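Chains, contacts and geometry: an overview
Chain by chain, the residues run as shown.
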Amino acid sequence: MSKVISALTVSVDGYLTGRDPGPGRGLGDAGFLFDWYFSGDVPSQVFDGFKLSEPSARVFDALAGSIGAVVCGRKTYDDSEEFGGGSPVPNTSLVVLSHRPAPRAEESDQQTLVTTGIEDAVAAAKAAAGDKDVALQGGGVVTEALKAGLVDEVVLHQVPVLLGAGRPYFQELPEHVNLVLLEAVPAPGVTHLHFEVTR
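Bear in mind the structure is a predicted one, so any value in this text is a computation, not a measurement. (Residues numbered from 1 in each chain as written. Predicted model: local features only at pLDDT ≥ 70, side-chain atom pairs only at ≥ 80, totals over all residues. Heavy atoms only, no water.)

**Points about the pattern of salt bridges**
- The tally for this structure, following the rule as stated, stands at eight salt bridges.
- Here Lys-3 makes a salt bridge to Glu-153, at a shortest N to O gap of 3.2 Å. Placement of Lys-3 in the segment before β1 (4-11) and of Glu-153 in strand β8 (residues 153-159) is noted, with a sequence separation of 150 residues between them.
- Residue Lys-3 is classed as partly exposed on the basis of its relative accessible area, which comes to 29%. (Salt bridge = Lys/Arg side-chain N within 4 Å of Asp/Glu carboxyl O. Helix = DSSP H or I, 4+ residues; strand = E, 2+ residues; numbered from the N terminus. Buried < 20%, exposed > 50% of the residue type's maximum accessible area, 1.4 Å probe, protein only.)

**So, the packing of aromatic side chains**
- Tallying each qualifying case throughout the model produces 12 aromatic pairs.
- Ring geometry for Tyr-169 against Phe-170: centres 4.2 Å apart, planes inclined by 15 degrees, an arrangement best described as stacked.
- Clustering of aromatic rings is evident, with ring pairs tying together Phe-34, Trp-36, Tyr-37, Phe-38, Phe-47, Phe-50 and Phe-60. (Phe/Tyr/Trp six-rings, centres within 6.5 Å; stacked < 30°, edge-to-face > 60°.)

**A look at the pairing of strand β10 (residues 190-197)**
- β10 sits mainly inside the fold: six of its eight residues count as buried.
- Relative to β10, β8 is paired through six bridges, and the arrangement is antiparallel. Paired with His-157 across the strands is His-192, a residue of β10.
- Pairing between strand β9 (residues 179-187) and β10: eight bridges, direction antiparallel. (Pairing = 2+ DSSP bridges.)

**Here we look at the side chain of His-194**
- Of note, His-194 is situated in strand β10.
- His-194 gets classed as buried once you look at its relative accessible area, which sits at 17%.
- A distance of 2.6 Å separates a polar atom in the side chain of His-194 from a polar atom in the side chain of Glu-153.
- Among all residues touching His-194, those that are not within four sequence positions of it are Glu-153, Val-154, Val-155, Val-180, Leu-181, Leu-182 and Glu-183. (Polar contact = N/O pair within 3.5 Å; in protein donor to acceptor, adjacent residues only side chain to side chain. Contact = heavy atoms within 4.5 Å.)

**Digging into helix α5 (residues 139-147)**
- Taken as a whole, α5 has its buried residues at Gly-139, Val-141, Val-142, Thr-143, Ala-145 and Leu-146.
- The secondary structure elements touched by the buried residues of α5 are β1, β4 (67-73), β5 (93-97), α4 (118-129), β7 (133-137) and β10.
- Where α5 ends, the next residue or the one after it, Gly-149, has phi of about 70 degrees, a positive value.

**Here we look at the nonpolar core**
- Counting 27 residues, the largest nonpolar core has Val-71, Ile-118, Leu-136, Val-151, Leu-156 and Tyr-169 as the members making the most contacts within it.
- Those elements giving two or more residues to this core turn out to be β1, β4, β5, α4, β7, α5, β8 and β10.
- Broken down by element, this core gets its largest block of residues, five residues, from α4.
- If sequence neighbours within four positions are ignored, Val-151 has contacts with Val-4, Leu-136, Val-142, Ala-145, Leu-146, Val-197 and Arg-199.
- Grouped together as the second largest cluster of nonpolar side chains are 26 residues, Trp-36, Phe-47, Val-96 and Val-190 included. (Core = buried A, V, L, I, M, F, W, Y, C linked by side-chain atoms within 4.5 Å.)

**Some details on the confidence of the model for the chain**
- Looking at the chain, the pLDDT average stands at 93 and 98% of residues meet or exceed 70.
- Within the chain, the lowest mean pLDDT, 70, falls on helix α3 (residues 103-107), and the highest, 98, falls on β10. (pLDDT = per-residue confidence, 0-100.)

**Remarks on the sheet that holds strand β6 (residues 111-114)**
- In space, the eight strands of this open sheet follow the order β6-β5-β4-β7-β1-β8-β10-β9, with mixed pairing throughout. Each edge of the sheet is formed by a strand with only one pairing partner; in this case those strands are β6 and β9. Taking each pair of neighbouring strands and ignoring which way they run, the sheet shows an average axis angle of 20 degrees.
- Summarising the sheet, β4 and β7 pair through five bridges and their orientation is parallel. The partner of Val-71 across the bridge, within β7, is Leu-136.
- Strand contacts of helix α1 (residues 54-65): β1, β4, β8, β9 and β10, with the helix running at about 135 degrees to β9, the strand carrying the most contacts.
- Packing against the sheet, α4 makes contact with β1, β4, β5, β6 and β7, and its axis sits at approximately 155 degrees to β4. (Axes fitted to C-alpha atoms, helices over the stretch in contact; angles between N-to-C directions.)

Shown next, in the form of structure tokens:
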């Protein structure tokens, strides 16, 4: 059965980006959050050009290889320059959740625009993913999916830095969300923390 997963790189103080992220600026002053993608000698089997440490390659490729579709919010979509008309994960569909028109997503075979809420966006992604998993990208999308009880697992690729500002992984939630740690994998420049969301 397919799962809905959030697996994002995050600072110890909970930020996905540094200061001043945006189109052409990537993660702002925190582009180094992704250094662990290139800090080893094990080529990723999913992403061309990624060379990870052995523990990171094992964790990263298992997660990335399980994904059949991605849901992202409009801010992530715009900041990522519309993923070039594709998806952040190779050979997957992208569902863009937005209340505003997104011309590229409306015309793309690989991208779909959903304007009717997180439940419909996740449903569209599940239909596109088949028996594979759905990944969530962007703090707003993750938070809305958690509020709706749609998230099965959360993975924090935690980089040992305090950024002090940026876009937070999680926004305000109306209640506690309980997690159970499934795995903790230390690796050079990052610790992979894999949690199950309990309901």
